[in-house]
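Next come the chains, spelled out residue by residue.
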Amino acid sequence: MAEGYVQHQKKQADKIIRITERLYMERGMEGFTIGDIADGAEITRATVYNYFSCKEDILWAIFFGKMDGLLLRLNEKFKDANTTFERLRAYAEANYEYYNEDPTFAIFFDLFHTIFATANAKPEDFWDNPYNTSNWRPGKTIRMFTEHFHDGSVKADLDPDSTVVSYYYAFLGTVSFTFKNKDELSKFYGLDYLKVARTQIEWILQSIKASPPPPPPPPPPRGR
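So, here's what we can say about the structure. (Residues numbered from 1 in each chain as written. Predicted model: local features only at pLDDT ≥ 70, side-chain atom pairs only at ≥ 80, totals over all residues. Heavy atoms only, no water.)

## Quick notes on the packing of helix α8 (residues 160-180) against helix α9 (residues 182-189)
To describe two helices that pack against each other, one gives the angle between their axes and the distance between the axes. Filter applied, for reference: Geometry is summarised by axes, namely lines fitted to C-alpha atoms with helices restricted to the contacting stretch, and by angles between N-to-C directions that run from 0 to 180 degrees. Here a helix means four or more residues in a row that DSSP labels H or I, a strand means two or more in a row labelled E, and each is numbered from the N terminus. For this analysis, residues touch if any pair of their heavy atoms sits within 4.5 Å. Three classes are used: nonpolar for Ala, Val, Leu, Ile, Met, Phe, Trp, Tyr, Cys and Pro, charged for Asp, Glu, Lys and Arg, and polar for all others, with Gly counted as polar.
α9 packs onto α8 with a crossing angle of 65° between their chain directions and a minimal axis gap of 4 Å. Side by side, α8 and α9 meet where T178, F179 and K180 of the first sit next to K182, E184 and L185 of the second. Residue composition of the contact of α8 with α9, by class: 2 nonpolar, 1 polar and 3 charged.

## Some words on the packing of aromatic side chains
The following threshold applies: Here a Phe, Tyr or Trp ring, Trp counted by its six-membered ring, pairs with any other such ring whose centre lies within 6.5 Å, and the pair is stacked when the planes are under 30 degrees apart, edge-to-face when over 60, and tilted otherwise. Three exposure classes are used, based on accessible area relative to the maximum for each residue type with a 1.4 Å probe and protein chains only: buried under 20%, partly exposed in between, and exposed over 50%.
By the definition in use, this model includes 31 aromatic pairs. Aromatic pair Y96 and F171: ring centres 5.8 Å apart, planes at 40°, arrangement tilted. One end of the pair, Y96, is in helix α5 (residues 84-101); the other, F171, is in helix α8, and 75 residues separate them in sequence. Pair check on accessibility: Y96 and F171 agree, each one buried. Considering the side-chain rings of W127 and W136, the 5.6 Å spacing of their centres and the 65° angle between planes classify their relative orientation as edge-to-face. W136 matches W127 in its accessibility class, with the two residues each being buried.

## With respect to the pattern of salt bridges
Here is the rule we go by: Counted as salt bridges are all cases of a side-chain nitrogen of Lys or Arg within 4 Å of a carboxyl oxygen of Asp or Glu.
Counted by the stated rule, this structure contains 14 salt bridges. K77 serves as the salt-bridge partner of E97, at 2.7 Å between the closest nitrogen and oxygen. In this pair, E97 is assigned in helix α5 and K77 in helix α4 (residues 55-78), connecting sequence segments 20 residues apart. With relative accessibility at 31%, the residue E97 sits in the partly exposed group.

## Focus on the nonpolar core
Short version of the rule: We define a nonpolar core as any set of buried Ala, Val, Leu, Ile, Met, Phe, Trp, Tyr and Cys residues linked to one another through side-chain atoms lying within 4.5 Å.
Formed by 66 residues in total, the largest nonpolar core has its most connected members in I37, W60, F63, F112, Y167 and F171. Counting residues per element, this core draws most heavily on α4, which supplies 12 residues.

## Focus on the side chain of D102
Under the convention used in this document: Pairs of N or O atoms within 3.5 Å make up the polar contacts considered here, provided that, within protein, one atom can donate a hydrogen while the other can accept it, and that residues adjacent in sequence are counted only when both atoms are side-chain atoms.
Position of D102 among the secondary structure elements: in the loop between α5 and α6 (105-116). Assessed through its relative accessible area of 14%, D102 is described here as buried. Reaching out from D102, the side chain makes a polar contact with the side chain of T104 at a distance of 2.6 Å.

Set out below in C-alpha cells:
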C-alpha cells in the first residue's frame, strides 16, 4: 500500500515537472500559471501546491534533473582525465553528448539563466532539495578545475579563477548560440552545429594548453 502511494506521488510530481518544462519552453516564465500546469497535468491547483510551492521551485527541480544527467556524464569522462587540460576537454565532451541527447537543454538553460543567477543568494538548506541528487552547489563546476589547476598541462601565467570562469561562460555561450542556430547552419552551410561548436571550443582549449617543452639540444659532435 505504502509503496503504491509513493509511486503515485512520484508519477504526479513527474507529470507536473514534464508539463511545466513544456509550458516554460513554449511561453517563458511569465507566459503560464500554476493553473495552466494543473490543467495540463489534469489535476487541481491544490495538488500542484502539494508538491511545489511555486513555479520557480518546479523549474529548479527541472534544472537539478538536467544537471544530474550532465554530471553523470562528466564524472564518467573524468575517469580518464588526469590533468587540468584533459578535464577541461572532458567537460566539453560531456556537454556535447548531453546537448545532443537532450535537445531541450540549451533552450532551457538559456531561459533559466536569470533564475540561475540567484543561486548564490539561496540559503544553504535550499540545496538539500530532494531533486538535487547530485548535490550540486553554486561554484561546484568551477572548483572541479581550479583545484590543482597548475599541473603543467596549461600555461603557467594563467590565473585559475579567471581562466576557468571565462572558459565556462565562453563554452556555454558558444554551444547555446550554435544550438539555437543549428537549422541555419545546416541549411546555409551544410554543417552540424556540434561540429561548429567543437571547432570554436578547440580554439579556446589550444589557447590555454601549455606549450610542449623544447626538444633537447643535439649532442655535441664527437671528436675525431
